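# Remarks on the overall topology
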Amino acid sequence: MSLIFKRQSIRKYRDEKVPEEVIENLLRAGMQAPSSCNSQPWEFIVISKKEDKEAISKMHKFAKPAENASHLIITLGNLNEAKVIRMIEQDLGACNENILLQATHEGLGAVWLGFHPIEDRTLKLKEYLNIPDYCIPFSVICVGYPAHEGEVKLRYDESKVHFDRY
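What this report covers is the structure whose coordinates are included nearby. Everything numeric here is computed off the predicted structure, so don't read it as measured data. (Residues numbered from 1 in each chain as written. Predicted model: local features only at pLDDT ≥ 70, side-chain atom pairs only at ≥ 80, totals over all residues. Heavy atoms only, no water.)

### A word on the environment of Leu92
Cut-off, in case you're wondering: Each helix corresponds to a stretch of at least 4 residues labelled H or I by DSSP, and each strand to a stretch of at least 2 residues labelled E; elements are numbered beginning at the N terminus. Remark: exposure states derive from per-residue accessible area (1.4 Å probe, protein chains only) relative to the maximum for the residue type, with buried under 20%, exposed over 50%, and partly exposed in between. Any two residues having at least one pair of non-hydrogen atoms within 4.5 Å are treated as being in contact.
Its place among the elements puts Leu92 in helix H4 (residues 88-105). Judged by its relative accessible area of 1%, Leu92 falls in the buried class. When residues no more than four places from it in sequence are discounted, the contact partners of Leu92 are Trp42, Leu76, Gly77 and Phe138.

So, in structure tokens, the structure goes:
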């Protein structure tokens with residue numbers, strides 16, 4: 001529970017590279033997520049080049065954090081691997097959350113930038129990275145060492161919990 005409560009969206013990073021083995025840990029965590037029929041329909045593109053991060057940061061108004069992250073993890077949904085295509089968003093959502101939690105465990109800051117299902121965003125990313133048609137660019141996860149520690153805000157709201165019936 002403490003890891004879940006500590007996790008928050010971090011959008012500003014120190015100018016310090018995250019080691020490749022730590023990035024691999026994030027990917028391992030993502031691949032450990034549950035998926036529909038255990039199809040594991042994910043693929044990843046890891047970006048660390050400055051010019052690529054800058055280009056992606058300009059793809060929509062909320063993508064600015066990509067510019068100064070150490071790495072970007074692009075999560076892709078492989079339609080050829082998905083056994084139940086209409087569940088791919090849930091599969092990738094679980095994958096992304098695992099990556100975010102592992103980033104917190106590693107002392108990193110991270111933020112999930114939404115691309116799918118907004119068509120103009122996904123097309124820009126798809127074209128820029130030459131992503132094949134059988135893959136959906138689902139999201140960009142920015143990862144880096146946080147520039148500052150944020151305040152944890154507890155979100156439990158008892159009024160949103162209903163037992164047995166609404």
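### As for the pairing of strand S4 (residues 135-144)
Our working definition: Pairing between strands is defined by DSSP: at least two bridges between them are needed.
Burial analysis of S4 places 10 of its 10 residues in the buried class, which makes it a mostly covered element. Inspection of the sheet shows strand S2 (residues 71-78) paired to S4 by 8 bridges, in the antiparallel sense. The partner of Gly77 across the bridge, within S4, is Ile136. As defined by bridge partners, strand S3 (residues 109-114) adjoins S4 across 6 bridges and the pair is classed as antiparallel. Among the inter-strand pairings, Leu113 is bridged to a residue of S4, identified as Val140.

### A closer look at the side chain of Ser57
Our working rule: A 3.5 Å cut-off defines polar contacts: any pair of N or O atoms within that distance qualifies, except that in protein one atom must be a possible hydrogen donor and the other a possible acceptor, and neighbouring residues in sequence count only when both atoms are side-chain atoms.
Relative to the elements of secondary structure, Ser57 occurs in helix H3 (residues 50-57). For Ser57, a relative accessible area of 5% corresponds to the buried category. Among the polar contacts listed, one links the side chain of Ser57 to the backbone oxygen of Glu54, at a separation of 2.7 Å. For Ser57, the residues in contact, after removing those within four places along its chain, are Ala63, Lys64, Ala66 and Glu67.

### Here's the deal with the pattern of salt bridges
Where we set the bar: Salt bridges are counted wherever a side-chain nitrogen of Lys or Arg sits within 4 Å of a carboxyl oxygen of Asp or Glu.
Summed over the entire model, instances satisfying the criterion amount to 4 salt bridges. Across the pair Arg14 and Glu16 runs a salt bridge whose closest N-O atoms are separated by 3.0 Å. The partner of Glu24 in a salt bridge is Arg28, and the shortest N-O contact between them spans 2.8 Å. A residue pair is termed a helical-turn pair when its members lie 3 or 4 positions apart in one helix, as Glu24 and Arg28 do in helix H2 (residues 20-31) at 4 residues. By relative accessible area, Glu24 is classed as partly exposed at 39%. Looking at Arg28, the relative accessible area reads 53%, which means it is exposed.

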